[in-house]
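# Notes for the structure review
Listed below are the residues making up each chain.
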Amino acid sequence: MQLLKNVDLFDPAPRGVVDVLVGGGAVLAASPGLEVQGTRGLVEVHDLQGARVIPGLVDAHVHVTGGGGEAGFSSRVPPRMVSELALAGVTTVVGLLGTDGRTRTMRELIARTYGLREEGLSAWCWTGSYEMPVRTLTGSVRDDIVFIEPVLGVGELAISDHRSSQPTLEELLRVASDVHVAGLMTNKAGVLHLHLGDGPRGLELVQQSCERTELPARVFHPTHLNRNRELLSSAVSMMGDESNFGGMRFDLTAFPEGDIGDGLSAADALAEIHAARGSCDGVTVSSDGGGCMPKFDAQGRIVAYGVGQSSTLLETVATSVNGHGLALAQVLPCVTSTVAQLLELRSKGRVVPGADADLVVLGEGCAVRHVMARGRWMVRDGVCVAPGPFESPH
Ligand SMILES: [Zn+2]
């Protein structure tokens, strides 16, 4: 067991200065003045002297096998290492394939998902890629979700993008219904995580899906919504339309600085949403870690490249708080509890008794100081102390 004394806890709501007791990979208690008696030698005590502690981040969009591949075979991004995620404060990750569902396969994705679990993180994945019909492991979306434990839904299926399979409304609805029903059967989230491109049709297919069918809006989780202004403003107006889109979660991408193009940074988008709606409720932020951030010319040819990093999540939180004056507790749910709730990861995204012991101790300006995943220290004083087998401590 470990007793973390004097932590300024955001669970993600602000709880003031408390002590947190961790044991068996879970949070056992979180309250002021905790004392553990009769356990001499069994409890390691760390006095954190008022440092802020937040839940380990839940990143729902990471190309754990590496994404890319849009500029020839040499443009395939290498697989992501556990240290990159841990150093970014990410303790729960949902892996996915992207444009390339051919040289990258579900076999590889599921293997990397299990690998990250062995390395100490919590990991799940989406089945599919940009493509339709969906590139599954078993040949069926329903079977993948029902029979493969880490699969939470389908993603990232691409719409409104020149790289998408250009699904019709009916084709998209068939996938969404498979995802929804398989989710019901398994008590999993059953979510269709949709990549939105820069195309002028924007969120039209998502809107029509909700307006014309019985499918719950929560099934649809559109992402990259801050990639251009039009997309963000249609997302904001959908957020205000509870009757059609209530329960839908809207995902922003924490693009690396310099890779924002015509879009807004996730921090700027959060500030705009907060200004328009008075809160960031219903918004999630993911990193697109390991994804390529290509810029295309009018003919669909790549003119520049970048690679997504999970570290942009906490950078987004820091800029929202320090640059835009939002409260930490306003922004944190977007990268912790709101994501976990949507994905029905019931022991994730919060530091409360019974939850998994996934937490981040913050330093100055939201820098990552220590990270614990399932009760085990992954990062101490900014150094990854549990690197994967093919990396050295750093
Ligand atoms: Zn994408």
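Helices and strands together make up the secondary structure of the chain, namely 11 helices and 19 strands. Expected size for 394 residues packed as a compact globule is a radius of gyration near 21 Å; at 20 Å, the chain falls within 12% of this value. Dimensions along the principal axes, computed over C-alpha positions, put the chain at roughly 65 × 45 × 45 Å. In the chain, buried positions account for 52% of the 394 residues. A fraction of 71% describes how many contacts in the chain between residues 6 or more apart in sequence connect residues 24 or more apart.

Next up on the list: the nonpolar core. Counting 114 residues, the largest nonpolar core has Val20, Val53, Val94, Val179, Leu192, Leu270 and Leu343 as its most contacted members. If you count residues domain by domain, this core takes at least three from each of domain 1 (2–54 + 350–384) and domain 2 (56–342).

With that out of the way, let us pick up the packing of helix α8 (residues 266–277) against helix α9 (residues 312–323). Running from N to C, α8 and α9 cross one another at 50°; their axes reach a closest spacing of 8 Å. When the axes of α8 and α9 are compared, the pair comes out oblique. For α8 against α9, the interelement crossing comes out right-handed. Mapping the contact onto sequence places Ala266, Ala267, Leu270 and Ala271 in α8 and Thr316, Thr319, Ser320 and Gly323 in α9. Residue composition of the contact of α8 with α9, grouped by class: four nonpolar, four polar and no charged.

Moving on, we come to the domain arrangement of the chain. Taken as a whole, the chain is organised into domain 1 (2–54 + 350–384) and domain 2 (56–342). Taken over C-alpha atoms, the centre of domain 1 sits 29 Å from the centre of domain 2. Residues of the side of domain 1 that touches domain 2, tallied by class, amount to 14 nonpolar, one polar and five charged.

So, on to the packing of helix α4 (residues 169–186) against helix α5 (residues 204–212). What describes two packed helices is the angle between their axes and the distance between those same axes. Relative to each other, α4 and α5 sit at 65°, their axes nearing to 10 Å. With respect to the hand of their crossing, α4 and α5 are arranged in right-handed fashion. Here Leu169, Leu172, Leu173 and Ala176 of α4 come into contact with α5, specifically with Leu205, Gln208 and Ser209. Partitioning the contact of α4 with α5 into residue classes produces five nonpolar, two polar and no charged.

What follows deals with unusual backbone geometry. Backbone torsion omega between aspartate 11 and proline 12 reads 15°, so that peptide bond is classified as cis. Look at the link from glycine 155 to glutamate 156: it is a cis peptide, with omega at -20°. You can see glutamate 156 is positioned in strand β9 (residues 151–159). Here the phi dihedral of glutamine 49 falls at roughly 50°; this positive angle occurs in a residue that is not glycine.

Turning to α9, a few remarks are in order. Three- or four-residue spacings in an α-helix give side chains the same orientation, since the helix completes a turn every 3.6 residues. Taken as a whole, α9 has its buried residues at Thr312, Leu313, Leu314, Glu315, Thr316, Val317, Thr319 and Ser320. Where α9 is buried, its residues touch β6 (57–62), β7 (90–95), α8, β13 (283–286), α10 (328–331) and β17 (368–373). Downstream of α9 by a residue or two, glycine 325 has a phi angle that is positive, lying close to 75°.

This part is about the environment of arginine 104. In this structure, arginine 104 sits in the loop between β7 and α2 (106–118). In sequence terms arginine 104 and threonine 65 are 39 residues apart; their C-alpha atoms lie 7.9 Å from each other. Setting aside anything within four residues of it in sequence, one finds arginine 104 in contact with Thr65 and Leu97.

Reading guide: rules and limits
- Residues numbered from 1 in each chain as written.
- Predicted model: local features only at pLDDT ≥ 70, side-chain atom pairs only at ≥ 80, totals over all residues.
- Helix = DSSP H or I, 4+ residues; strand = E, 2+ residues; numbered from the N terminus.
- Rg over C-alpha atoms; globule rule 2.2 N^0.38 Å.
- Buried ≥ 20, exposed ≤ 12 C-beta atoms within 10 Å, placed from the backbone.
- Contact = placed C-beta atoms within 7 Å.
- Core = buried A, V, L, I, M, F, W, Y, C linked by C-beta atoms within 7 Å.
- Domains from an automatic or database assignment.
- Axes fitted to C-alpha atoms, helices over the stretch in contact; angles between N-to-C directions.
- Parallel < 35°, antiparallel > 145°, perpendicular 65-115°, else oblique.
- Left-handed = near helix turned anticlockwise from the far one by under 90°.
- Nonpolar A, V, L, I, M, F, W, Y, C, P; charged D, E, K, R; others polar.

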